[in-house]
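Given next are the chains, with one letter for each unit.
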Amino acid sequence: MRKILIYELKRLLWNRFFLGILLVLLFAGWQVLSGVTLLGVAHTAPFSPWSFGDYLRRMLPLLWIGALFFLTRFTSGGAQRVAVLTDATPVPPRRYAGVRSAAALLATALLCLACLAEALGFYALYFGGEVLGGLWAPALFVLLPVLVFALGTAWRLGQKRPWLVFAWMALPLLLSALPLPAELGLWNGTLFSEYPLRLGTLDPAFSLPGQAVAMQGAFLGAGLAALALPFWVARR
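About the criteria used
- Residues numbered from 1 in each chain as written.
- Predicted model: local features only at pLDDT ≥ 70, side-chain atom pairs only at ≥ 80, totals over all residues.
- Heavy atoms only, no water.
- 1 Å grid on protein atoms, 1.4 Å probe; cavity = no way out; pocket = protein on both sides within 12 Å on 5 of 7 lines; lining within 4 Å.
- Points joined across faces, edges and corners; volume = space filled by probe spheres on them.
- Helix = DSSP H or I, 4+ residues; strand = E, 2+ residues; numbered from the N terminus.
- Nonpolar A, V, L, I, M, F, W, Y, C, P; charged D, E, K, R; others polar.
- Axes fitted to C-alpha atoms, helices over the stretch in contact; angles between N-to-C directions.
- Parallel < 35°, antiparallel > 145°, perpendicular 65-115°, else oblique.
- Contact = heavy atoms within 4.5 Å.
- Expected span 1.5 Å × (residues − 1).
- Buried < 20%, exposed > 50% of the residue type's maximum accessible area, 1.4 Å probe, protein only.
- Arc of directions from axis to C-beta.

Chemist: So, the layout of surface pockets: which residues are in play, and what are the values?
Modeler: Using a probe with the size of a water molecule, rolled over the atoms, empty space left in the structure can be pinpointed. In this structure, the second largest pocket spans a volume of roughly 220 Å³. Among the elements of the structure, α5 (93-127) and α6 (136-160) are those that each provide at least two residues to the lining of the second largest pocket. Among the elements that make up the lining of the second largest pocket, the one with the highest residue count is α6 (7 residues). In terms of residue class, the lining of the second largest pocket is built from 12 nonpolar, 1 polar and no charged.

If you want it as structure tokens, here you go:
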């Protein structure tokens, strides 16, 4: 299975799309860092978890689109026709699907690491390495639940109709333009741009409202459930 995983991962990474989305991600990230994050968000320091979380939130639509483009390599009409051949191999179909899911997760993780590495390099350049501690919490809060949810739900949609994956790419862009409730403030930016101002102190310590944490937990759970559903059904 390791060889299959390496093969599928190479398919995702060694192509023009991965290079293109990586360059777009890095260019957009530098624009956000130098044009928005450097000024600080909600009267917080540029290197605070609040400003860092806002940077990640702004990069999230590109990461979402990149993750779903990875899935199109597995859910397209051509890929589903090839699946007829892979189903005839000694590898159980559900294990093969699991390997592909793992490859998509790893490829998405590499995009996230590139996004994080650019931000950390920016901070080290402008402020020195001593300010880099404490940024893991907003990174996990912002990236992990949403991208697992994106991959899990898009995988299920792609199995039904391949074109639904492309339509699903527009979800974060649509949500960013809507007046959402506070627990969904991550999607339109109000969680990082408005919530710190409500805490009543200048540059407050990083803390998140319980409703927002619960909502991110729900997204993570839904994404994991969507990824695990075929394996659970197959074992019944």
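Structure shown, so let's carry the discussion forward.
Chemist: Quick rundown of the packing of helix α2 (residues 16-35) against helix α3 (residues 49-75)? Include the residues and the values.
Modeler: Where α2 contacts α3, the two axes come as close as 10 Å, and the packing angle between them is 175 degrees. With respect to α3, the element α2 is oriented roughly antiparallel. Contacts between α2 and α3 pair Phe17, Phe18, Ile21, Val24, Leu25, Ala28, Gly29, Val32 and Leu33 from the former with Tyr55, Arg58, Met59, Leu62, Leu63, Gly66, Phe69 and Phe70 from the latter.

Chemist: Explain helix α1 (residues 2-13) to me, and be specific about the residues and the numbers.
Modeler: Between its terminal C-alpha atoms α1 stretches 16 Å, which fits the 16 Å expected from 12 residues at 1.5 Å a residue. Of the positions making up α1, those classed as buried are Ile4, Glu8, Leu9, Leu12 and Leu13. End-on, the buried residues of α1 take up no more than an arc of 160 degrees, which puts them together on one face.

Don't take any of this as a statement about function, it's just geometry.
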